[in-house]
Amino acid sequence: LGYLYTGIELREEQVESNRQQWEEISKIPQLQNIKPPQWITGDSNDLNKLIQNEKYDMIFTCPPYFDLEVYSNNEKDISNFKSYKEFLKVYKNIFAQAVEKLNNNRFAVIVVGEIRDKKTGIYRNFVADNIRIFTDLGLKYYNEAILINQVSSLAVRASRIFRKRKLGRVHQNVLVFYKGELEAIKEIFPPEEIEVSDIEYFGGD
């Protein structure tokens, strides 16, 4: 759509995969003159070193959910950390650097879901930890949406999951934070400039 994008990825193989996908996408006629996304191979915990003189108009990410999915054996990979407390410490430091590079009166959108302690099965309250982290960093918790995931495999897993009275999870939380003065939103993002189309309404009257 013509927006500039910068992403940081620890794994070189993922960066290469992203670039290959872009090569396919960029064949679409409308995108042939669009500047390609910039992917940087490196540790997001070193964000201030990797990106020094740039400011951005939006943060949008679906970060690692601690140990729910381990992406690599790299000791710097926070999905590989053994301690949730240490994970949150580095996690917050990464986003503190990202928020510094976010322009004032702009949004940060974080897609997260709950995760369970693998030993006890108890939720870690990861969604609430994200809200706390971003409000601690000075952002305002402005919006939330629910992202419904594909539920096709849930029916297969349901009986096994429910043996311990656990419900299958089929959604993620989309947390929206704002950096700046709330009064400026209607001036910076005038309602008449927002197009809303193809809305499907589900419900009663």
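Just above, that's the structure.
First things first, this report covers the structure right here in the doc. (Residues numbered from 1 in each chain as written. Predicted model: local features only at pLDDT ≥ 70, side-chain atom pairs only at ≥ 80, totals over all residues. Heavy atoms only, no water.)

A tally of regular secondary structure across the chain gives six helices and six strands. In the chain, buried positions account for 34% of the 205 residues. When contacts within the chain are restricted to residue pairs at least 6 apart in sequence, those whose partners lie at least 24 apart make up 71%. Per element, the accessible surface of the chain, about 14300 Å² overall, is 51% carbon and sulfur. (Helix = DSSP H or I, 4+ residues; strand = E, 2+ residues; numbered from the N terminus. Buried < 20%, exposed > 50% of the residue type's maximum accessible area, 1.4 Å probe, protein only. Contact = heavy atoms within 4.5 Å. Areas by Shrake-Rupley, 256 points an atom, 1.4 Å probe, with all protein chains shown as cover.)

Before going further, it helps to spend a moment on the packing of helix α3 (residues 84-100) against helix α4 (residues 126-136). The packing of two helices is summarised by the inter-axis angle and the distance between the axes. Packing of α3 against α4 brings their axes to within 10 Å, and their N-to-C directions diverge by 40°. Classified by the angle their axes make, α3 and α4 are oblique. Here the hand of the crossing between α3 and α4 comes out right-handed. Along its contact with α3, which presents Tyr-84, Phe-87, Leu-88, Tyr-91, Lys-92, Phe-95 and Val-99, the element α4 presents Phe-126, Asp-129, Asn-130, Arg-132, Ile-133, Phe-134 and Asp-136. Along the lines of polarity and charge, the residues of the contact of α3 with α4 split into nine nonpolar, one polar and four charged. (Axes fitted to C-alpha atoms, helices over the stretch in contact; angles between N-to-C directions. Parallel < 35°, antiparallel > 145°, perpendicular 65-115°, else oblique. Left-handed = near helix turned anticlockwise from the far one by under 90°. Nonpolar A, V, L, I, M, F, W, Y, C, P; charged D, E, K, R; others polar.)

Attention now goes to the nonpolar core. Ranked by size, the top nonpolar core spans 35 residues in total, and within it Phe-87, Tyr-91, Ile-110, Val-112, Phe-126 and Phe-134 carry the most contacts. Among the elements of the structure, α3, β4 (102-112), α4 and β6 (171-179) are those that each provide at least two residues to this core. Ranked by the residues each element gives to this core, the list is headed by α3, at nine residues. In this structure Phe-87 touches Pro-64, Phe-66, Ile-78, Phe-81 and Phe-126, once residues within four positions along its chain are discounted. (Core = buried A, V, L, I, M, F, W, Y, C linked by side-chain atoms within 4.5 Å.)

On to the side chain of Asn-130, then. Locating Asn-130 in the fold gives a position in helix α4. Asn-130 gets classed as buried once you look at its relative accessible area, which sits at 0%. Apart from residues lying up to four places away in sequence, Asn-130 is in contact with Tyr-91, Ile-110, Val-112, Leu-175 and Phe-177.

Attention now goes to the packing of aromatic side chains. The full count for this structure, using the stated rule, is 16 aromatic pairs. Three or more aromatic residues joined by ring pairs form one cluster here, namely Tyr-65, Phe-66, Tyr-84, Phe-87, Tyr-91, Phe-95, Phe-126, Phe-134, Tyr-141 and Phe-177. Lying across the ring of Tyr-123, Arg-116 places its NZ or CZ 4.0 Å from the centre. (Phe/Tyr/Trp six-rings, centres within 6.5 Å; stacked < 30°, edge-to-face > 60°. Lys NZ or Arg CZ within 6 Å of the ring centre and 35° of its normal.)

Next up on the list: the sheet that holds β4. Within a sheet, adjacent strands bond to each other through the backbone by hydrogen bonds, running parallel or antiparallel. Strand order in the open sheet formed by four strands is β3-β4-β6-β5, and the pairing between neighbours is mixed. One side of each edge strand has no neighbouring strand; the edge strands of this open sheet are β3 (56-61) and β5 (140-148). Each strand of the sheet is rotated relative to its neighbour by a mean of 15°, with strand direction disregarded. Packing against the sheet, α3 makes contact with β3, β4 and β6, and its axis sits at approximately 145° to β4. (Pairing = 2+ DSSP bridges.)

The next thing to look at is the pattern of salt bridges. Under the criterion given, the structure shown has seven salt bridges. Among the ionic contacts, a cluster of salt bridges with common partners joins Lys-92, Asp-129, Arg-132 and Asp-136. (Salt bridge = Lys/Arg side-chain N within 4 Å of Asp/Glu carboxyl O.)

Within β6, eight of the nine residues are buried, which leaves it mostly tucked inside the rest of the structure. In the sheet, β4 pairs with β6 via seven bridges, with the strands oriented antiparallel. Paired with Val-112 across the two strands is Asn-173, which belongs to β6. The sheet contact formed by β5 and β6 spans eight bridges and is antiparallel. Bridge pairing in β6 places Tyr-141 opposite Phe-177.

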